[in-house]
Amino acid sequence: MSTDGLTFDIRLKDEPTPAAERERILANPGWGTHFTDHMITIRYKEGKGWHDARLEPYGPIPMDPASQVFHYSQELFEGLKAYRQADGTVTTFRPHANAARMNRSAKRMAMPDIPEQLFVDALDLLVRTDEAWVPTREGHSLYLRPNMFATTRALGVNRPADEYLFVVIASPSGDYYAKGIKPVSVWLSRDFTRAAPGGTGEAKTGGNYAASFAGQAQAVANGCDQVVWLDALEHRWVEEVGSMNLVFVYGSGPDARLLTPALTGTLLPGITRDSMLTLAPDLGIPVEEGKISIDDWQTGCESGEITEVFGCGTAAVISPVGHVKGDDREWSIGDGDPGPTSMRLRNELIGIQYGTRPDPYSWVHHIK
Ligand code: PLP
Ligand code: COI
């Protein structure tokens, strides 16, 4: 198969997973623990560009222990899903937006650009090959995980690697909320920050997530589900929750409006966030990107001005926040149920992704 000047060498697995075993996995896929039969690999070398594109059996990648990624974390990743439509066909959602974000991350991490069309064609080829792994159950999907990392064998830190590997793997994913959507409790972390001005917060690079585990562990130790990241300078301005963007709903019913922290360089520019900001005005819900402090959040909830708060991202779509806790404060939002504005936005977005609602912005990408 030829794409963007590159020909994929197709190496199919000799013994793919038997259908009965696949169906057993798809009946209860969990999240991120099962993988399909194949993967994509494409190599890059400075001066030569992208080459050696393959679709090959899923499996371990031989790596030199001196590969730069192991020592200095030159790495990027993306995440998006393939959805089974009612007519049996398969789609992805805004894959070009993921490609563009990967290239923005690459710039920050001094890594090479990947042509957008090559990125999308690679995903399409993997989904088409492993189509039987795209779940048919409502709310289930095939999570796609492209990533890129430095393979140059060198311990020098005075320049970026000159060789990279781009990989795409796919993992069947169940309904994030199999038992129904339940609001989460969140911990205001003042000891740990996710990102600082000039750092890598807006890049989707593994180091940001490695640095987040201690804050997440602290949230759990304090009886909370997720950690809220505050700004690095004042520990006061709200940025994200766990690995999701945050949205605040002010007012209710026809008076509802949204506020989400602006993209200052320390937040990951979520595609779900962008989709919500685009769709909400069409539903008569005004949106604003701005600043919100933990004091604003607390007083807004106490006065009843803030009625709902949710995290949003590809994996969970939305995750309502029901309770907030910090070392000097604690408060609740709403009555313990997901709010109506959050659910309206969620249903609209899911409807577009699964093809049950119109797609006014041509976000749905059909895999043929
Ligand atoms: N924020 C962080 C830190 C993330 O890792 C993610 C998702 O991966 C998001 C936000 C949501 O982004 P998206 O909506 O593109 O999945
Ligand atoms: C998301 O898709 O919303 C995520 O948070 C991805 C995460 C597993 C890195």
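Numbering of residues begins from 1 in every chain and follows the order in which that chain's sequence is written. Going through the entries in the order they are written, you letter the chains from A and number the ligands from 1. This being a predicted model, a pLDDT of at least 70 is required before a residue's local features are given, and a value of 80 or more before pairs of side-chain atoms are given or counted; all residues contribute to the totals for chains, interfaces and linings. Derived side-chain values reflect all non-hydrogen atoms in the structure, with water molecules and hydrogen atoms excluded from consideration.

### Details of the side chain of N98
- Mapping N98 onto the fold places it in helix 3 (residues 95-108).
- Categorising residues by exposure relies on relative accessible area from a 1.4 Å probe, with only protein chains included: less than 20% of the type maximum marks a residue as buried, more than 50% marks it as exposed, and the intermediate range marks it as partly exposed. Residue class for N98 comes out buried when judged on its relative accessible area of 2%.
- Polar contacts, as counted here, are pairs of nitrogen or oxygen atoms within 3.5 Å of one another; within protein the pair requires one atom able to donate a hydrogen and one able to accept it, and residues that are adjacent in sequence qualify only if both atoms are side-chain atoms. For N98, the side chain forms a polar contact with the side chain of E78, separated by 2.8 Å.
- A distance of 3.2 Å separates the side chain of N98 from the backbone oxygen of G79, its partner in a polar contact. A helix here means a DSSP run of H or I that spans at least four residues, while a strand means a run of E at least two residues long, and both kinds are numbered starting from the N terminus.

### So, a nonpolar patch on the surface
- Taken together, the side chains of Y72, L155 and V157 make up a nonpolar region of the molecular surface, amounting to roughly 310 Å² of accessible area.
- Along the chain, L155 falls in the loop between strand 9 (141-150) and strand 10 (163-173). Patches here: salt-bridge-free residues with over 30% relative accessible area, like charges joined within 9 Å, nonpolar side chains (Val, Leu, Ile, Met, Phe, Trp, Tyr) joined within 5 Å. What sets the accessible areas is the Shrake-Rupley method with a 1.4 Å probe; for residues, cover comes only from the shown protein chains. The salt bridge definition used is simple: a Lys or Arg side-chain nitrogen within 4 Å of an Asp or Glu carboxyl oxygen.

### Points about the domain arrangement of the protein
- Domain start and end points were adopted from an automatic or database domain assignment. Here the domain parsing of the protein yields domain 1 (2-173) and domain 2 (184-354).
- Relative placement of domain 1 and domain 2: their C-alpha centres are 28 Å apart.
- Only heavy atoms enter the contact rule, under which two residues are in contact if any of them lie within 4.5 Å. Counting residues at the interface gives 27 residues for domain 1 and 21 residues for domain 2.
- Note on terms: buried area is the combined drop in 1.4 Å-probe accessible area of two parts once they are placed together, counting the loss on both. Of the roughly 1,900 Å² buried between domain 1 and domain 2, counting both surfaces, carbon and sulfur atoms make up 55%.
- Taken as a group, F77, F93 and R101 account for 31% of the area that domain 1 buries against domain 2, more than any other trio of residues on that side.
- Viewed at the interface, domain 2 and domain 1 are joined by 1 salt bridge.
- Across the salt bridge formed by R94 and D274, the nearest N and O atoms sit 2.9 Å from each other.
- Inspection of the region where domain 1 meets domain 2 yields 15 residue pairs in polar contact (both at pLDDT 80 or more).

### Quick look at the site of ligand 2
- Residues are labelled near a given molecule or strand when at least one of their non-hydrogen atoms is within 4 Å of it. Taken together, W31, F77, R145, Y209, S243, G313, T314 and A315 make up all the residues around ligand 2.
- Separating an oxygen atom of ligand 2 from a backbone N or O atom of A315 is a distance of 2.9 Å.
- Surface burial for ligand 2 is 82%, taken as the share of its 290 Å² of free accessible area covered by protein chains.
- Across the shell around ligand 2, the residue classes tally to 4 nonpolar, 3 polar and 1 charged.
- Counting contributing residues, the shell around ligand 2 receives three or more from each of domain 1 (2-173) and domain 2 (184-354). Charged means Asp, Glu, Lys or Arg here, nonpolar means Ala, Val, Leu, Ile, Met, Phe, Trp, Tyr, Cys or Pro, and polar covers whatever is left, Gly included.

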